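Each chain, written out:
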Amino acid sequence: MGKKGTLVRTALAGGALLSSILAQSSIAQAEDYSAWRDIETKYIFGFTTGSGIGLEGEKEFTVDTVGRFGKREGSYRASETKYELEFTPTQFIQIEFGMLGATHNINGVPDLDNLRQVAVSGGFAEFRYLAIERTSSNPLAVTLAVEPTFRRIDETGGERVHNFEFETTINADLELVKNRLFAGFNLLYEPEVTRTVLGETAREAKFGGSTALSWRIAPNVVIGGEVWYLRHYDSIGLRDFTGDAVMLGPTLYVRLAPKMFMTAAWNTQVWGREIGNPVSLNLAEFQRNRARLKFAVEF
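No experiment lies behind these values; they were computed from the predicted model shown.

> Help me get a handle on the overall build of the chain, residues and values and all.
For the chain, the count of helices and strands is one helix and 12 strands. Start at the N end of the chain and walk to the C end: the helices and strands fall as α-β-β-β-β-β-β-β-β-β-β-β-β. Here the chain holds 299 residues, and the buried ones make up 45% of them. In the chain, 58% of the contacts between residues at least 6 apart in sequence involve partners at least 24 apart. Element-wise, carbon and sulfur atoms account for 63% of the exposed surface of the chain, whose accessible area totals about 14,900 Å².

Rendered as structure tokens:
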């Protein structure tokens, strides 16, 4: 009964959740969508970031965890959590800063040390500027963002390092159906420099983009999906290309209370290549799966 009972309980729970979502969707379809509260699109696309920066004067505390799972061999689980304070001093500027926590559980992965640890790993700041504002006659909004980050723990292998990263993104979204259907687009450039305890210096960069689609099935519930294409280079100038990957998966946003929400996403690598290594998927520079879970409180 053990495994079978678990499967039955899982199926029943899934059926109950699906019935609840369908019921909410049916109720929503009878409503006037234009009367729904405007939604902040920054959070509704999973790993893809929307253009929203919140209301002027608004503050927010966020716990944002990204987990990475699976390498070609062995057991690999790692996570990084942002403990983040965010505020919006004007209607066009948003500022965020906070600390980073990391966990690693690595065993039998080639080129990585076996490791189990939980550590405070660094700090970060983010600056966002709303370059194009959505209006009644313009459904497109675009935000420019930069995020300098310092880490003393390597996010992949968990060893002690001095790592400096400067993520730069263009976050755009398009309102396809008023208050209901949104498309999101990101363009990412992420250079970083790492100095090891042995004094060695490594320079690398990621470059890529994403497309996401999110459907608001109820005033407080948004579901969708996203696809990412990412490239890795052993230089910050986008030379020395080493491989790329495509990741896709579902997304969920739920507003739990007027000033509290959560967002979740899961991405799986469905295609990848490692230059010089004729294998399927790219599990050297990227992971097989990644997950995101974020909780936020506005005040």
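> Mind laying out the sheet that holds strand β4 (residues 115-132), listing which residues take part and the relevant values?
The strand order β1-β2-β3-β4-β5-β6-β7-β8-β9-β10-β11-β12 describes a closed barrel built from 12 strands, whose pairing is antiparallel. Neighbour to neighbour, the strand axes of the sheet diverge by 20° on average, direction disregarded. Direction of pairing for strand β8 (residues 201-218) relative to strand β9 (residues 221-233): antiparallel, over a ladder of 13 bridges. Looking across to β9, one finds that F207 is bridged to R231.

> Mind laying out the nonpolar core, listing which residues take part and the relevant values?
With 10 residues, the main nonpolar core is built from I39, Y43, I44, F45, F182, A212, V222, Y253, F261 and A296. The contact partners of Y43, leaving out residues within four places of it in the chain, are E60, E86, Y253, F261, T263 and K294. Counting seven residues, the second-largest nonpolar core is a separate cluster that includes F47, W228, L230 and A245.

> Residues and numbers for the environment of F182, please.
Position of F182 relative to the elements: it lies in strand β7 (residues 181-196). Once the C-alpha coordinates of F182 and L140 are considered, the two residues, 42 residues apart in sequence, prove to be 9.9 Å apart. Excluding residues within four positions of it along the chain, F182 makes contact with I39, T41, I44, F45, L174, E175, L176, A212, L213 and S214.

> Give a detailed account of the packing of aromatic side chains, specifying residues and quantitative values.
A complete count under the given rule lists five aromatic pairs for this structure. For the ring pair F150 and F164, a centre distance of 5.3 Å and an interplane angle of 45° mean the geometry is tilted. Note that F150 is positioned in strand β5 (residues 140-153) and F164 in strand β6 (residues 160-177), a separation of 14 residues in sequence. Judged by its relative accessible area of 30%, F150 is partly exposed.

> Lay out the pairing of strand β12 (residues 289-298) in plain terms, naming residues and giving numbers.
Here β12 lies mainly inside the structure; seven of its 10 residues are buried. Relative to β12, strand β1 (residues 59-69) is paired through 10 bridges, and the arrangement is antiparallel. Bridge pairing links T65 to L293 in β12. In this structure, strand β11 (residues 260-274) lies alongside β12, joined through nine bridges in antiparallel fashion.

What counts as what
- Residues numbered from 1 in each chain as written.
- Predicted model: local features only at pLDDT ≥ 70, side-chain atom pairs only at ≥ 80, totals over all residues.
- Heavy atoms only, no water.
- Helix = DSSP H or I, 4+ residues; strand = E, 2+ residues; numbered from the N terminus.
- Buried < 20%, exposed > 50% of the residue type's maximum accessible area, 1.4 Å probe, protein only.
- Contact = heavy atoms within 4.5 Å.
- Areas by Shrake-Rupley, 256 points an atom, 1.4 Å probe, with all protein chains shown as cover.
- Pairing = 2+ DSSP bridges.
- Axes fitted to C-alpha atoms, helices over the stretch in contact; angles between N-to-C directions.
- Core = buried A, V, L, I, M, F, W, Y, C linked by side-chain atoms within 4.5 Å.
- Phe/Tyr/Trp six-rings, centres within 6.5 Å; stacked < 30°, edge-to-face > 60°.

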